[in-house]
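Take a look at the letters that make up each chain.
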Amino acid sequence: RQLDLSGNPLVSLSPQAFGEGGSPLEELALRGALRDHGVLLSVAAMLQAGALRNLSRLELADNGLLLLPTGMFMTLLALRQLDLGNSSLVGLQNASFQGLGQLQSLNLSDSSRGVLRNGTQAQLRSLPALRHVGLGRNTWICNCTIEDLVAWLKESDQVEGKEALTCAYPDKMLGKALLKVNGSDLNCSEPIDLPSQLQTSYVFLGIVLALIGAIFLLVLYLNRKGIKKWMHNIRDACRDHMEGYHYRYEINADPRLTNLSSNSDV
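Just so you know, these numbers come straight off a predicted model, no measurement behind them.

### Concerning the UniProt feature "transmembrane region" (unreviewed entry) in the chain
Under the UniProt annotation, the feature "transmembrane region" (unreviewed entry) is placed at residues 202–222. Across residues 202–222 one finds 100% helix and 0% strand; the C-alpha atoms that close the span lie 30 Å apart.

### Side note on the side chain of lysine 162
Along the chain, the position of lysine 162 falls in the loop between strand 8 (159–160) and strand 9 (167–169). Lacking a salt bridge, the buried lysine 162 has glutamate 163 as its closest oppositely charged neighbour, with an N-O distance of 5.5 Å. One polar contact links the side chain of lysine 162 to the main-chain carbonyl oxygen of leucine 153, over a distance of 2.8 Å.

### Here we look at helix 2 (residues 118–126)
Within helix 2, burial applies to Thr120, Gln121, Gln123 and Leu124. All buried residues of helix 2 fall inside an arc of 160 degrees around its axis, so they share one side. Those residues of helix 2 that are buried are in contact with strand 5 (105–107), strand 6 (132–134) and helix 3 (147–155).

### Considerations on unusual backbone geometry
The amide bond that connects tyrosine 169 to the next residue, proline 170, takes the cis arrangement and shows omega of -10 degrees. Along the chain, the position of proline 170 falls in the loop between strand 9 and helix 4 (183–186). Positive phi, close to 50 degrees, is recorded for asparagine 86, a residue that is not glycine. With respect to the element layout, asparagine 86 can be found in the loop between strand 4 (81–83) and strand 5. Its identity is not glycine, yet aspartate 110 carries a phi of approximately 50 degrees, on the positive side. Within the fold, aspartate 110 resides in the loop between strand 5 and helix 2. Classification of aspartate 110 by relative accessible area gives partly exposed; the value is 27%.

Calculation rules
Residues numbered from 1 in each chain as written. Predicted model: local features only at pLDDT ≥ 70, side-chain atom pairs only at ≥ 80, totals over all residues. Heavy atoms only, no water. UniProt positions renumbered as here; feature names shortened; annotations may be inferred. Helix = DSSP H or I, 4+ residues; strand = E, 2+ residues; numbered from the N terminus. Buried < 20%, exposed > 50% of the residue type's maximum accessible area, 1.4 Å probe, protein only. Lys, Arg positive; Asp, Glu negative; His and termini not counted. Salt bridge = Lys/Arg side-chain N within 4 Å of Asp/Glu carboxyl O. Polar contact = N/O pair within 3.5 Å; in protein donor to acceptor, adjacent residues only side chain to side chain. Arc of directions from axis to C-beta. Contact = heavy atoms within 4.5 Å.

Take a look at the structure:
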């Protein structure tokens, strides 16, 4: 029921390491054991395949994780405790917590977190059994991207020790408690409606191209006689040139004219 492989620098892991038909294992500790990226992928594949679907506790801390494989936890429907602490997770875009309806505790402390994206916050809010979220000792960047996190901290009772969470950047906000951060501290301007701005740009570009096209057609119309004469001249020049080629071909092809110089003027 319990297996602790923590501290072992694993370099390989067989797909059948925990059995082929699904393991009865309930608690698995891999703290500091997944430094090798290949082993991490092997564990992720086993989790995704449902080989460890009975896990209620999974410890992946101290592994220096940068990114988690997509859908790594999607089959762990019985999971209650997940520890991802003391890692280097720069993002949780691939880590889906949806479907973990039994998850009660999630540790993201010491994880080099600078921001917590709105999508991740929405997932955490949707977990009905979640009671404890660890976010301590992260280097929070207190700019406009942190407003939603601050609002969530103020309204949620899931985050442990949220009073101790402080800003690390920029220098003027260093040490300031996240719960005390407000809009005036961040100096956030009104958000730009990007789709509307792009739509306006496309309309303006269309108008400019239409004006250029109209000017081009007007120039053609005003110079129609000159353009017609120019086209006639090109046609006559091409015709004369082709007649010269045809005449030279007749001279070269007629055996009776072999005494003529091949360099004679046409």
